[in-house]
2 protein chains.
Amino acid sequence: MELHFDQELTEVKDLLLRMSSLAEQSVVNVLKALVQRDDALAHSVDENDKQLDRLQMDIDERCIQLIALRQPKARDLRFLVMTMKIASDLERIGDQSVNIAHRCLELNKEPLLKPLIDIPRMGDTARSMVHEGLDAFVYNKPDIARALVKRDDEVDMMNRQLHRELTSFMIEDPHTITRALNLMSVAHNLERIGDHATNIAEEVVYLYEGRDIRHQPI
Amino acid sequence: MELHFDQELTEVKDLLLRMSSLAEQSVVNVLKALVQRDDALAHSVDENDKQLDRLQMDIDERCIQLIALRQPKARDLRFLVMTMKIASDLERIGDQSVNIAHRCLELNKEPLLKPLIDIPRMGDTARSMVHEGLDAFVYNKPDIARALVKRDDEVDMMNRQLHRELTSFMIEDPHTITRALNLMSVAHNLERIGDHATNIAEEVVYLYEGRDIRHQPI
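Residues numbered from 1 in each chain as written. Chains lettered and ligands numbered in written order. Predicted model: local features only at pLDDT ≥ 70, side-chain atom pairs only at ≥ 80, totals over all residues. Heavy atoms only, no water.

Enquirer: Looking at this structure, how should I read the environment of B:Thr198?
Expert: In this structure, B:Thr198 sits in helix H6 (residues 177-209). Beyond its immediate chain neighbours, meaning those up to four positions away, B:Thr198 contacts B:Met129, B:Val149 and B:Asp152. (Helix = DSSP H or I, 4+ residues; strand = E, 2+ residues; numbered from the N terminus. Contact = heavy atoms within 4.5 Å.)

The structure is reproduced here in structure tokens:
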């Protein structure tokens, strides 16, 4: 019975890792689609998103069933509840990647407004935060997770800077307005991906330490 | 023992209703702050947000403890898990109201760009969706919740229309750009509040019918 339960927990964990790999791949692909102006790659994010939706529903169902049947306590219970929360963050990262893909398709219809340097950098920071959050989860490293929570400020700062810069473009030349709005939306969605990575980090700390560090001064 | 558990469930439900009333009040206040250009009212949303944060943490802690101690099954378990999910949506609505309040403070520094008609209407639709979602939860009405999921399109459409209209303003007169960007951000946050109301509706259907209707064609 116990062995079987361990096996069931491992299956749930594997599903979550599948989600994290798909979510991370979505961010990588949509950034590449932006830089290489590749419509086909932008469209590929939709398929990942559908898989993420299905996996999240599967994870929720299994977690609730396992809680009902196995009546877990302490860390096993926290594992199942936090897995549902992390799955919800990963599903949202899939949605945000789709939002970026739509902006990318619009941007590809016009010439580049400016060389894309800040957005890929910002995107890579957000992606690496998601990756590290899942590493903290897999390798039982709440310290890595705590460090991540602080890094969210980096992404927020990059977003604000881009917003200022793009606003100047718009004011100087109204022809840039549509493109600047699309780029702002891309940056905003990347900033949200950073927020979800932060949520994941907080969930990992709660899982391993039983401490809720949300809304705390850091 | 059973009586005591019922009492504990009622306490959790009361905390969630307190959250929903605070979240709805935040949306009402921030819309009023926008229309009446009232900085003090905009600031008041911060206090609600802090209360929402604390209540969400309290609800999560109680739900996890009750699951561990009472080992609930079927509907009681779904109630506790969905309560955590609904609390997370309400907490986010608090955050989005704070985002709107910040835009409102920026907007109040300049003359009105145009009479505010569409945004209050959009905001009231989003607010009423949150209210109905909680009504469906309190009065065990999955039908109301199902109807709500369809209404999300209304808010999305209003957001797209506002986006187009504000883009035209910006192109015609670059002096309007900062204000138009702030109004776009307000509309975007209201659209997200509608999304959270939709999540709540889906969670209510799952609570009462045990069916996961996320990501389904409607």
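Enquirer: Would you mind showing me how to read unusual backbone geometry here?
Expert: The phi angle of most residues is negative, glycine excepted, and most peptide bonds adopt the trans form. Despite not being glycine, A:Asn140 shows a phi value in the positive range, around 55°. Along the polypeptide, A:Asn140 turns up in the loop between helix H4 (118-138) and helix H5 (142-172). Looking at A:Asn140, the relative accessible area reads 35%, which means it is partly exposed. Although it is not a glycine, B:Gln71 adopts a positive phi angle of roughly 45°. Along the chain, the position of B:Gln71 falls in the loop between helix H2 (39-70) and helix H3 (74-107). (Buried < 20%, exposed > 50% of the residue type's maximum accessible area, 1.4 Å probe, protein only.)

Enquirer: Help me understand the nonpolar core in this model?
Expert: Generally speaking, nonpolar side chains in soluble globular proteins are found buried as a group. Ranked by size, the top nonpolar core spans 150 residues in total, and within it A:Leu90, A:Met170, B:Leu90 and B:Met170 carry the most contacts. Other than its neighbours up to four places away in sequence, A:Met170 contacts A:Thr176, A:Ile177, A:Ala180, A:Leu181, A:Met184, B:Met170, B:Ile177 and B:Leu181. (Core = buried A, V, L, I, M, F, W, Y, C linked by side-chain atoms within 4.5 Å.)

Enquirer: Would you mind showing me how to read the pattern of salt bridges here?
Expert: Where charged atoms from two side chains of opposite charge approach closely, those side chains can pair. Applying the stated rule across the entire model yields 34 salt bridges over all chains. Across the salt bridge formed by A:Arg127 and A:Asp124, the nearest N and O atoms sit 3.1 Å from each other. Residue A:Arg127 and its partner A:Asp124 are located together in helix H4, separated by three residues, close to a single helical turn. Residues A:Arg214 and A:Asp212 are paired through a salt bridge, measuring 2.8 Å at the closest nitrogen-oxygen approach. Residues joined by salt bridges that share partners form a network here, namely A:Asp60, B:Lys85, B:Asp212 and B:Arg214. (Salt bridge = Lys/Arg side-chain N within 4 Å of Asp/Glu carboxyl O.)

Enquirer: How should I be thinking about the interface of chain A and chain B in this particular structure?
Expert: Put simply, an interface is often sized by how much accessible area is lost when its parts join up. Across the boundary between the two partners, chain A contributes 32 residues, which contact 32 residues of chain B. For the pair chain A and chain B, the summed buried area comes to about 2900 Å², and 64% of that belongs to carbon and sulfur atoms. If you sort the residues of chain A by the area they bury against chain B, A:Met57, A:Ile64 and A:His215 come out on top, with a joint share of 19%. For the interface between chain A and chain B, the tally reads four salt bridges. The salt bridge partner of B:Asp60 is A:Arg214, with a shortest N-O separation of 2.8 Å. At the boundary of chain A with chain B, the tally comes to nine residue pairs in polar contact (both at pLDDT 80 or more). Only helix H2 (39-70), helix H3 (74-107), H5 and helix H6 (177-209) of chain A provide two or more residues apiece to the side of chain A that touches chain B. Of the residues assigned to the side of chain A that touches chain B, the class counts are 16 nonpolar, seven polar and nine charged. (Buried area = accessible area lost by both parts, 1.4 Å probe. Polar contact = N/O pair within 3.5 Å; in protein donor to acceptor, adjacent residues only side chain to side chain. Nonpolar A, V, L, I, M, F, W, Y, C, P; charged D, E, K, R; others polar.)

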